[in-house]
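# Descriptive analysis of the structure
The chain contents come next:
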Amino acid sequence: MTTVFWFRRDLRLGDNPALANAIEEALTTDGKKVVALFNIDAKVFDPASDKQKVYQNCSLTQLNKSLNGNLLIKSGAPEKVILEVAQKARATSVHISEDFEPYGRVRDDKVEAILKKNGIKLVRTGSPYAVSPLRVRKDDGTPYRVYTPFYRAWSAHGWRKPAVLPKEKPNWFLPMKSEALPQVAGEFEVINCGEEHALNIFEDFSKKGMRGYGENRNRPDLTGTSKLSFPLRFGEIHPRTILTQLGDSEDEETFRKEICWREFYADVLAHNPHSETISLNSTWEKMGWGNSKTHASELTKWKNGLTGYPIVDAGMRQLIETGWMHNRVRMIVGSFLVKDLHIHWREGAAWFMEHLIDGDIASNSHGWQWVAGCGTDAAPYFRIFNPITQALKFDPKGDYVRTWIKELSHITDGSVHEPWKHPLGHAHGYPEPMVDHATEREHALAMYEKIKKN
Ligand SMILES: Cc1cc2nc3c(=O)[nH]c(=O)nc-3n(C[C@H](O)[C@H](O)[C@H](O)COP(=O)(O)OP(=O)(O)OC[C@H]3O[C@@H](n4cnc5c(N)ncnc54)[C@H](O)[C@@H]3O)c2cc1C
């Protein structure tokens, strides 16, 4: 008998309880055969950003190496592919780590039903989270909608020790020829990826970056964050692997809290699948925000980093070039879109998903709603980021802005954040501010007052 392990957002061998389960089950049989499968599902693959596709190809290549070339890549609808592979391999079970995103849950239920009809079990073990979504609840059984009490309950719940694979190796088995990885257009390159690289990033960050993280994490001009979001997005490392190695220093506590934001948003999305695209607090949908039709030219300027506010434009250009943006800057550009340009957060979230390598529905949709003030907690609508004071505080010398905006590279100090005050601020084609922040702030507050009254 054979088992199938269906890789999805867990492109690693270590600390992978579902894989350990698939191997253990196979080892009880004569052939000890495990099929390691990755399905290219057009419904997931096509909408992904090109940069995400390139990263995934890199990660799958690394995974295939760790499996000695035994990764089976097969494209097609999962309901067909998983059954076909399982039948060809004469498998009695397919193992997965559970997906809690709206599409993944429906897909897995469909696959489970089809497998069951054919006498094959779908076995779910673990998830891409330290504590699986839907598990942490208030005493009355209802879900949390506020982060801090969730964090307390999540910490109290705790997590298992990292999973260890059985010592005995299974026979990796290819029941059919593997397909080539899909071609991705464009010139974007990923130099490093994969499980080993992820573990190295964490080790390096623990040694060199953790100390001071609490302060430095807000500074886009420094390398103050872990850059673990790509490995976490693709499951090259499990958050439990990270959490079990964290100590009790203040910086480590701050880092643990950041990992928990990811878990909190996954929990909120699992309870509220509609919140992928609709404000969690649906009253906010009546705000009268603009969209790609009503505000086409404003949206285009924002997307291309041509708003005339350097910190906003630097972030948007960093996103397009690298597929990543610093968290502080994500908040600043988000606030600018919703509260200065009065455009629906959904438009911003969609653009982020088109470009982010770490693009993750839960963290992205709820990160946006936090900024817009219509999501889980703490960020009241009237807290509006001022792009100039934020820039002066978190990029005091302007190094971050100069890295991404070549038209401003001749301004060598913090005055780069206000080019309109500088005699040569617009000398190399950098645009004038597209709106006046003070005026738009008042407009946003008036929109808010109106909705509050109604
Ligand atoms: C509008 C907006 C959209 C976002 N979209 C995404 C997204 O699609 N995918 C994504 O992974 N993160 C998203 N974030 C959260 C955050 O910006 C990134 O996780 C972070 O910038 C990744 O860099 P890092 O790994 O160096 O972070 P670090 O500061 O080193 O944090 C470590 C890890 O903690 C988690 N984390 C940190 N901050 C947050 C947060 N605010 N919300 C959820 N998880 C967090 C991430 O997994 C991150 O990798 C978004 C934030 C905002 C404001």
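In this text the structure is predicted, and so the values were computed from the model without any measurement. (Residues numbered from 1 in each chain as written. Predicted model: local features only at pLDDT ≥ 70, side-chain atom pairs only at ≥ 80, totals over all residues.)

### Some remarks on the overall build of the protein
The condition is simple: Helix and strand assignments come from DSSP, with helices taken as H or I runs of at least 4 residues and strands as E runs of at least 2, each series counted from the N terminus. Only the C-alpha atoms count toward the radius of gyration. The rule for a globule is 2.2 Å times the residue count to the power 0.38. Comment: burial labels come from other C-beta atoms within 10 Å of the residue's own C-beta, placed from the backbone, where a count of 20 or more is buried, 12 or fewer is exposed, and between is partly exposed. Remark: residues whose backbone-derived C-beta atoms lie within 7 Å of one another are considered to be in contact.
Within the protein, the regular secondary structure consists of 19 helices and six strands. For 454 residues, the compact-globule estimate of 2.2 N^0.38 gives 22 Å, and the protein sits close to it at 23 Å. Summarising its shape, the C-alpha atoms of the protein cover approximately 80 × 50 × 45 Å along the three principal directions. For the protein, the proportion of its 454 residues judged to be buried stands at 45%. Taking as baseline every contact in the protein between residues at least 6 positions apart, the subset at least 24 positions apart corresponds to 76%.

### Here we look at the domain arrangement of the protein
Put simply, the rule reads: The source of the domain bounds is an automatic or database domain assignment. Think of it as three bins: nonpolar holds Ala, Val, Leu, Ile, Met, Phe, Trp, Tyr, Cys and Pro, charged holds Asp, Glu, Lys and Arg, and polar takes everything else, Gly as well.
The domain boundaries assigned to the protein delineate domain 1 (2-127), domain 2 (129-162 + 196-271) and domain 3 (275-453). Placing the centre of domain 2 and that of domain 3 at their C-alpha centroids yields a distance of 25 Å. Going through the elements one at a time, α9 (229-234) and α11 (250-271) are the ones with two or more residues in the side of domain 2 that touches domain 3. For the side of domain 2 that touches domain 3, the leading source of residues is α11, giving five residues. The residue makeup of the side of domain 2 that touches domain 3, split by class, is eight nonpolar, three polar and five charged.

### A few points about the environment of Ile-451
The topology assignment puts Ile-451 in helix α19 (residues 437-453). Taking the C-alpha atoms as reference points, Ile-451 and Trp-284, 167 residues apart in sequence, are found 7.7 Å from one another. If near-sequence neighbours (up to four positions away) are discounted, Ile-451 is found in contact with Thr-283, Lys-286 and Met-287.

### Some remarks on the pairing of strand β5 (residues 121-124)
Operational definition: Strand pairing follows a simple DSSP-based rule, namely that at least 2 bridges must link the two strands. The handedness of a crossover follows from its direction of travel: if, with the strands pointing away from the viewer, the path from the first strand over the helix to the second runs clockwise, the crossover is right-handed.
Relative to β5, strand β4 (residues 91-96) is paired through four bridges, and the arrangement is parallel. The residue of β5 that forms the bridge with Ile-96 is Arg-124. Assessed by its sense of winding, the connection that carries the chain from β4 through helix α5 (residues 102-117) to β5 is right-handed.

### Focus on the site of the ligand
Put simply, the rule is: Note on definitions: a residue is near a molecule or strand provided its C-beta atom, placed from the backbone, lies within 6 Å of it.
Taken together, 27 residues lie around the ligand, and Thr-225, Ser-226, Ser-229, Asn-364 and Gly-367 are the ones closest in. At the level of secondary structure, the elements contributing two or more residues to the shell around the ligand comprise α9, α11, α14 (327-340) and α16 (361-372). Here the shell around the ligand is built from residues that sort into 10 nonpolar, nine polar and eight charged.

### Let's talk about α11
Put simply, the rule reads: Expected helix span is given by 1.5 Å per residue-to-residue step, counting one fewer step than there are residues.
Between the first and last C-alpha of α11 there are 31 Å, a value that for 22 residues agrees with the 32 Å anticipated at 1.5 Å per step. Those residues of α11 that sit buried are Phe-255, Ile-259, Cys-260, Arg-262, Glu-263, Phe-264, Tyr-265, Ala-266, Asp-267, Val-268, Leu-269 and Ala-270. Against the buried residues of α11 lie α6 (147-157), α8 (213-216), α9, α10 (239-243) and α16.

### Some remarks on the nonpolar core
Here is the rule: In these notes, a nonpolar core means any group of buried Ala, Val, Leu, Ile, Met, Phe, Trp, Tyr and Cys residues linked to one another through C-beta atoms within 7 Å.
Counting residues in each nonpolar core, the largest one holds 83 residues, and the members touching the most others are Val-4, Phe-5, Val-35, Leu-37 and Val-94. For this core, the two domains that each supply at least three residues are domain 1 (2-127) and domain 3 (275-453). If sequence neighbours within four positions are ignored, Leu-37 has contacts with Val-4, Phe-5, Trp-6, Phe-7, Leu-72, Lys-74 and Val-85. Within the second largest apolar cluster, 28 residues are counted, among which are Val-136, Tyr-213, Ile-259 and Ala-266.

### A closer look at the packing of helix α4 (residues 78-88) against α5
The condition is simple: Axis lines are fitted through C-alpha atoms, for helices just across the contact stretch, and the angle between N-to-C directions can take any value from 0 to 180 degrees. For classification purposes, an angle smaller than 35 degrees is called roughly parallel, one larger than 145 roughly antiparallel, one from 65 to 115 roughly perpendicular, and anything else oblique. Helix crossings fall into two classes, left-handed where the near helix is turned counterclockwise from the far one by less than a right angle and right-handed where it is turned clockwise.
Packing of α4 against α5 brings their axes to within 9 Å, and their N-to-C directions diverge by 40°. Classified by the angle their axes make, α4 and α5 are oblique. Remark: the crossing between α4 and α5 carries right-handed chirality. For the pair formed by α4 and α5, the contact residues are Pro-78, Glu-79, Ile-82, Leu-83 and Ala-86 on the first element and Arg-107, Lys-110, Val-111, Ile-114 and Leu-115 on the second.

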